[in-house]
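A structural walkthrough
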Amino acid sequence: MFVALEHLLNLKEGYRRVFPLQGRSLLLMVVEGRTLLLENRCPHQGAPLHDATLVAGVLRCARHGIEFELLSGRALNAQCPGLVHLPLAYAADRVGIEL
Ligand code: FES
């Protein structure tokens, strides 16, 4: 089942928005022309990531400062599982997720 999250025309560079979905929190972002969907939950101790700083492709969690390479999800400065990327789905003029 396709669940629409956003109109494609709203996806502009720097876009960042949180969507609650079935008890989860998803983070939709546009970074360097790519649309990315992540679990809005730091793999370290679960802090939300929507306020994380993003510099040169590195997302830095505000809670303890662990840095993640955004595209690969890999933790850079700590032993920690990586970010959880979710596959995007598209239907007509919307981007969303297939459940
Ligand atoms: S919860 Fe994100 S770095 Fe600890």
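Residues numbered from 1 in each chain as written. Predicted model: local features only at pLDDT ≥ 70, side-chain atom pairs only at ≥ 80, totals over all residues. Heavy atoms only, no water.

A word on the pairing of strand E3 (residues 24-31). Looking along a regular strand, one sees side chains alternate from face to face of the sheet. Counting buried positions along E3 yields six of eight residues, so the element is predominantly enclosed. As paired strands, strand E2 (residues 16-21) and E3 are joined by six bridges and run antiparallel to one another. Across the sheet, residue Phe 19 finds its bridge partner in E3, namely Leu 26. In this structure, E3 lies alongside strand E4 (residues 34-39), joined through six bridges in antiparallel fashion. By the bridge assignment, Met 29 is partnered in E4 with Leu 36. In sequence, E3 turns back onto E4 through a hairpin of two residues, with Glu 32 there showing a positive phi of about 50 degrees. (Buried < 20%, exposed > 50% of the residue type's maximum accessible area, 1.4 Å probe, protein only. Helix = DSSP H or I, 4+ residues; strand = E, 2+ residues; numbered from the N terminus. Pairing = 2+ DSSP bridges.)

Strands sit in the order E1-E9-E8 across an open sheet of three strands; the sheet is antiparallel. A single partner strand is all that each edge strand has here, and the edge strands are strand E1 (2-7) and strand E8 (89-91). Neighbour-to-neighbour, the strand axes of this sheet turn through a mean angle of 40 degrees, independent of strand direction. (Axes fitted to C-alpha atoms, helices over the stretch in contact; angles between N-to-C directions.)

Before going further, it helps to spend a moment on the sheet that holds E4. With antiparallel pairing, the three strands of this open sheet are ordered in space as E2-E3-E4. The open sheet terminates on both sides in strands that have one partner only, identified here as E2 and E4. Along the sheet, successive strands turn relative to each other by an average axial angle of 25 degrees, direction set aside.

Even without glycine at this site, Glu 32 takes up a positive phi of about 50 degrees. Examined against the element boundaries, Glu 32 turns out to sit in the loop between E3 and E4. One non-glycine residue, Ala 56, adopts positive backbone phi at about 50 degrees. Residue placement: Ala 56 occurs in the loop between strand E5 (53-55) and strand E6 (58-60).

Taken by themselves, the reported measurements are silent on function.
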